[in-house]
Every structure is written in C-alpha cells, then in structure tokens.
Amino acid sequence: GQALTAKENSWIDDLSKYYRVETNDRSKLFNTLLRRVDIVPETLVLIQAANESGWGTSRFARNARNFFGQWCWTEGCGIVPEQRPNGERYEVRLFDSMEASVKSYVRNLNTHSAYHDLRSIRRKLRLNEQPVTAVPLSAGLISYSTRGEDYINELQQMIRVNRPIIEAARNELDDEE
C-alpha cells in the first residue's frame with residue numbers, strides 16, 4: 001500500500017525492460033514480473049545444454065559458445081547451419097562467452113511467448129508451495145524443438161539418468177564451500 005521510491009521505480013523499470021514487460025497497468029506489470037523473474041533449475045539448464053550441444057561437442061558449442069541452439073536473424077550474427085534450408089535467413093547465434101549463452105537462454109525461457117507454459121507450470125508450483133524442479137518444467141519446453149513430445153521425453157530421460165551425477169557434483173561443490 002506504500003508508494004515506491006524513485007530508486008525502487010527505477011529498478012522496476014529496469015526489470016520490465018529486461019524481462020520485456022510492456023504495460024502501464026501496475027497490477028499487470030507486477031503479476032507478469034512475478035512469473036518471469038524466477039529461476040530455471042540448474043538441472044534443466046545442464047540437461048538442455050547437453051542435449052542441444054551434443055554434450056558440448058557441436059560445432060555451434062565449440063565455435064560460437066552456443067550451448068542451447070539459439071538462433072538470430074541478422075546476417076553475420078552467428079554461424080550458418082550447414083543444413084539450413086534454401087531461403088532461410090537464420091543463423092545459430094554467436095556468443096562472447098559461455099555465461100552469455102546461459103544468460104540469453106534463461107532470459108529466453110523467462111520472456112518468450114513460446115515458453116508461457118513453462119512459466120505457468122513454475123507459477124503453479126510456487127502457488128502450491130512445491131519445489132521448482134527440472135522434470136515438471138521440462139514439459140513447458142514443447143515449443144523448443146520441432147520434435148515436440150519426443151524432445152520432452154528425451155530431456156526427462158536425460159534428467160533421470162544424469163540426476164545422480166548432477167547431485168554428486170552439487171554435493172561436492174557444497175562441501176568445498
């Protein structure tokens with residue numbers, strides 16, 4: 001019920017720009033930001049990067065630091081896929097660093113209309129006080145690949161198979177801290 005300070009308003013404006021929320025309705029703005037400014041579980045990030053980059057061995061991972069198959073549409077913005085159909089203009093985006101690739105991927109999931117379902121699943125988990133984890137959120141990636149359900153099933157299988165390795169690595173990092 002209190003008015004925001006100038007600094008708080010500036011912070012909200014910056015978040016709105018970064019998360020691509022365009023509305024003058026403050027209630028709608030806050031509700032949209034609550035759905036968009038949230039985590040993407042590290043397990044989902046790792047598994048999708050492994051899947052999309054052939055475990056880091058793809059030409060795009062090695063030469064463009066692109067671990068998520070993200071496209072761009074400006075000539076010279078990336079690498080032209082060898083199998084790109086005639087008449088298509090997209091390239092696989094070139095990133096300056098692995099961190100930039102991950103940051104762009106997370107922003108994409110948190111803003112693009114194709115991943116509205118992922119954000120809705122995450123919001124429902126939050127409202128039901130359940131943990132936000134990779135398996136339920138992976139169902140919201142149906143539009144990430146033209147393979148549809150097969151893609152989701154593959155990601156979920158990769159999560160199940162690799163969960164012990166990811167948990168062991170996480171525990172090892174926790175022990176070092």
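Summary of the structure given here.

What counts, and where the lines are drawn
- One numbering rule holds for all chains: residues counted from 1, following each sequence as written.
- Only residues with pLDDT of 70 or above have their local features reported here, since the model is predicted, and side-chain atom pairs are shown and tallied only from 80 upward, although totals for entire chains, interfaces and linings are computed over all residues.
- Side-chain metrics in this entry use all non-hydrogen atoms of the structure; hydrogen atoms and water are not considered.
- Under the pairing criterion, centres of Phe, Tyr and Trp rings, with the six-membered ring standing for Trp, must be within 6.5 Å; the plane angle then separates stacked pairs below 30 degrees from edge-to-face pairs above 60, leaving the rest tilted.
- When accessible area is computed with a 1.4 Å probe and restricted to protein chains, residues below 20% of their type maximum are described as buried, those above 50% as exposed, and intermediate ones as partly exposed.
- Cation placement over rings: the criterion is NZ of Lys or CZ of Arg within 6 Å of the ring centroid and within 35° of the ring normal.
- The rule for a salt bridge is simple: a side-chain nitrogen of Lys or Arg has to be within 4 Å of a carboxyl oxygen of Asp or Glu.
- Where helices and strands are cited, they refer to DSSP runs of H or I of at least four residues and of E of at least two residues respectively, numbered from the N terminus.
- Multiplying 1.5 Å by the residue count of a helix minus one yields the expected span of that helix.
- Pairs of residues are marked as contacts when any of their non-hydrogen atoms sit within 4.5 Å.
- Here, axes are lines fitted to C-alpha atoms. For helices the fit covers the stretch in contact, and angles between N-to-C directions go from 0 to 180 degrees.
- Oblique is the label for any angle not covered by the other classes, which are roughly parallel (under 35 degrees), roughly antiparallel (over 145) and roughly perpendicular (65 to 115).
- Should the near helix be turned counterclockwise from the far one by less than a right angle, the crossing is left-handed, whereas a clockwise turn marks it as right-handed.

**Side note on the packing of aromatic side chains**
Line of reasoning, step 1. For the structure on display, the rule yields 7 aromatic pairs.
Line of reasoning, step 2. When the centroid spacing of 5.0 Å and the interplanar angle of 80° are considered together, the rings of Tyr 18 and Tyr 19 count as edge-to-face.
Line of reasoning, step 3. When the centroid spacing of 6.1 Å and the interplanar angle of 65° are considered together, the rings of Trp 71 and Trp 73 count as edge-to-face.
Line of reasoning, step 4. Residue class for Trp 71 comes out partly exposed when judged on its relative accessible area of 43%.
Line of reasoning, step 5. Residue Trp 73 is classed as exposed on the basis of its relative accessible area of 52%.
Line of reasoning, step 6. Three or more aromatic residues joined by ring pairs form one cluster here, namely Phe 68, Tyr 105, Tyr 115, Tyr 144 and Tyr 151.
Line of reasoning, step 7. Here the basic side chain of Arg 107 rests over the ring of Tyr 18, its NZ or CZ set 4.6 Å away from the ring centre.

**So, the pattern of salt bridges**
Line of reasoning, step 1. Following the criterion strictly, the structure yields 5 salt bridges and no others.
Line of reasoning, step 2. In this structure, the salt-bridge partner of Glu 42 is Arg 170, at a minimum N-O distance of 2.4 Å. Of this pair, Glu 42 sits in helix α3 (residues 42-53) while Arg 170 sits in helix α8 (residues 149-176), and the two are 128 residues apart along the sequence.
Line of reasoning, step 3. Looking at Arg 170, the relative accessible area reads 29%, which means it is partly exposed.
Line of reasoning, step 4. Across the pair Glu 82 and Arg 59 runs a salt bridge, and its minimum N-O distance is 4.0 Å. Residue Glu 82 is found in the loop between β2 (78-79) and β3 (91-93), and its partner Arg 59 is found in helix α4 (residues 59-64); the two are separated by 23 residues along the sequence.

**A look at helix α5 (residues 98-111)**
Line of reasoning, step 1. Taking 1.5 Å per residue, 14 residues should reach 20 Å; α5 reaches 20 Å between its end C-alpha atoms and fits that length.
Line of reasoning, step 2. Of the residues making up α5, those classed as buried are Ser 101, Ser 104, Tyr 105, Asn 108, Leu 109, Asn 110 and Thr 111.
Line of reasoning, step 3. Buried residues along α5 sit against α1 (6-18), α2 (26-36), α3, β3 and α6 (116-127).

**A look at the packing of α1 against α2**
Line of reasoning, step 1. Contact geometry of α1 with α2 gives a least axis separation of 11 Å together with a crossing angle of 60°. Here α2 runs oblique to α1, going by the angle between their axes. The hand of the α1/α2 crossing is left-handed. Note on element contacts: α2 touches α1 through Arg 26, Leu 29, Phe 30 and Leu 33, opposite Asn 9, Ile 12, Asp 13, Leu 15 and Ser 16.

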